[in-house]
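Notes for the structure review
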Amino acid sequence: MSPREMERIVLVRHIDGAPSPDDFRIERVAIPELADGQFLARNQFVSCDPGTRSRLSPGASYAPPLQPGAPVDGFSVGEVIESRNEHFAVGDKVALTGWATHVVSNGRGYAVKLPDLGVPESLWIGILGVPGMTAWFGLKRVAQLQAGERVLVTSAAGPVGATAGQLAKLWGASEVVGIAGGPEKCQWLTQVAGFDRAIDYKAPDFEGQFAAAAEGGYDVMFDNVGNAMIDRALPVMKMRGRIVVSGQVADYNTPVDKVPGLKHTAQFIARRLRMEGLVVFDDLPGFSAAQAELATMIGDGRVRYREEIFEGLASLPAAFCGLFTGASFGRRVIRVG
Ligand SMILES: NC(=O)c1ccc[n+]([C@@H]2O[C@H](COP(=O)([O-])OP(=O)(O)OC[C@H]3O[C@@H](n4cnc5c(N)ncnc54)[C@H](OP(=O)(O)O)[C@@H]3O)[C@@H](O)[C@H]2O)c1
């Protein structure tokens with residue numbers, strides 16, 4: 001690659017069903033000369049987020065769908081290497097968006113200068129980035145978790161779920177139950193992440209395990225998976241329980257007319273339940289204080305995380321597709337720097 005070129009991943013076609021690596025390709029393009037107000041960053045890491053899937057097919061999402069041929073813009077962390085923007089200087093560490101080796105930014109949108117908190121750089125697109133903040137504000141602002149409450153977390157071994165479960169315990173939950181796929185993830189949840197109980201939804205006795213764990217009910221459900229899990233939990237929510245709709249990883253690949261419906265909606269009335277979604281960027285003004293507090297919790301070992309690091313931009317499409325098969329275990333980040 002010549003010094004004025006970059007590589008980026010573009011969408012080949014709109015995706016129908018589960019994504020496949022050949023739905024993406026890498027293209028090499030010239031890095032444009034910077035205009036006034038722009039800066040150029042070299043990415044060190046880029047991330048795989050299940051939520052990206054919702055923009056890869058036509059249809060409504062919280063952000064407009066990408067068109068075939070468009071660059072894909074997952075989260076990234078890197079360093080400013082040229083700048084014509086007074087707020088971003090050469091050498092600044094930045095969080096940006098772009099499945100690419102480089103990003104040209106005008107500093108608007110998600111472009112954040114990172115403080116030096118003495119943490120590995122990749123955490124800024126993991127537990128200290130959008131996944132960690134989703135857990136933080138999902139519990140604090142949306143669930144309004146209170147000490148002594150019982151909490152259920154789905155996709156609990158993922159970066160959002162694992163952080164949510166650990167924060168719930170630290171903030172006084174009396175019991176935190178996680179649902180995850182497979183014994184290895186369940187073991188990690190109870191033995192490393194401090195969940196009180198983990199249930200393997202792929203095990204033959206899942207229904208029995210779920211019923212046993214649900215005795216006493218849940219005050220908060222933090223859902224990362226989708227409608228089938230929410231519908232299963234509705235009858236075991238406690239009075240004035242709250243369901244945080246964080247993500248729908250089981251439903252992203254399914255056309256809307258095939259997504260499971262909610263049958264147990266009568267429970268909203270009987271138990272005065274509240275179900276609320278979040279887009280974590282609504283909480284952007286609170287990120288830096290939360291990140292500083294969370295970095296301290298990570299530093300002193302109160303909060304644990306898992307990362308899977310892949311090498312090179314070319315590994316990204318397959319790493320992304322693995323989010324929907326259960327292959328991923330923790331935050332998947334790609335080293336591109
Ligand atoms: N609202 C927001 O602002 C916001 C921001 C960031 C992320 N999110 C959402 O938060 C959720 C979690 O994100 P994350 O980054 O931590 O990813 P994640 O939970 O690690 O997602 C990948 C995992 O999802 C599970 N999964 C995949 N297909 C499934 C299925 N059909 N049924 C049940 N589980 C399935 C798999 O784990 P198992 O092996 O356990 O099945 C897989 O390893 C995602 O839905 C994401 O879109 C929301």
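Since we're looking at a predicted model, the values are computed, not measured. (Residues numbered from 1 in each chain as written. Predicted model: local features only at pLDDT ≥ 70, side-chain atom pairs only at ≥ 80, totals over all residues. Heavy atoms only, no water.)

**A closer look at the environment of Arg 242**
Within the element layout of this structure, Arg 242 appears in strand 12 (residues 237-245). Sequence-distant contacts of Arg 242, defined by excluding residues within four places in its chain, comprise Ala 143, Gln 144, Leu 145, Gln 146, Glu 149, Asp 219, Val 220, Met 221, Met 237 and Arg 274. (Helix = DSSP H or I, 4+ residues; strand = E, 2+ residues; numbered from the N terminus. Contact = heavy atoms within 4.5 Å.)

**Some remarks on the domain arrangement of the protein chain**
Structurally, the protein chain comprises domain 1 (5-126 + 306-335) and domain 2 (130-280). Between domain 1 and domain 2, the C-alpha centre-to-centre distance is 28 Å. Between domain 1 and domain 2, the contact holds 21 residues from the first and 13 residues from the second. In total, domain 1 and domain 2 occlude about 1400 Å² of area from one another, counting both sides; carbon and sulfur atoms represent 65% of this. The interface formed by domain 1 and domain 2 contains zero salt bridges. Run the count over domain 1 and domain 2 and you get three residue pairs in polar contact (both at pLDDT 80 or more). By residue class, the composition of the side of domain 1 that touches domain 2 is ten nonpolar, eight polar and three charged. (Domains from an automatic or database assignment. Buried area = accessible area lost by both parts, 1.4 Å probe. Salt bridge = Lys/Arg side-chain N within 4 Å of Asp/Glu carboxyl O. Polar contact = N/O pair within 3.5 Å; in protein donor to acceptor, adjacent residues only side chain to side chain. Nonpolar A, V, L, I, M, F, W, Y, C, P; charged D, E, K, R; others polar.)

**Points about unusual backbone geometry**
As a rule of thumb, non-glycine residues mostly have phi less than zero, and peptide bonds are mostly trans rather than cis. Phi is positive for Gln 144, close to 50 degrees, though the residue is something other than glycine. Considering the arrangement of structural elements, one finds Gln 144 in the loop between helix 1 (130-143) and strand 8 (150-153). Classification of Gln 144 by relative accessible area gives partly exposed; the value is 44%. The phi dihedral of Arg 272 falls on the positive side, at around 50 degrees, and the residue is not glycine. With respect to the helices and strands, the residue Arg 272 is situated in the loop between helix 6 (266-270) and strand 13 (274-277). (Buried < 20%, exposed > 50% of the residue type's maximum accessible area, 1.4 Å probe, protein only.)

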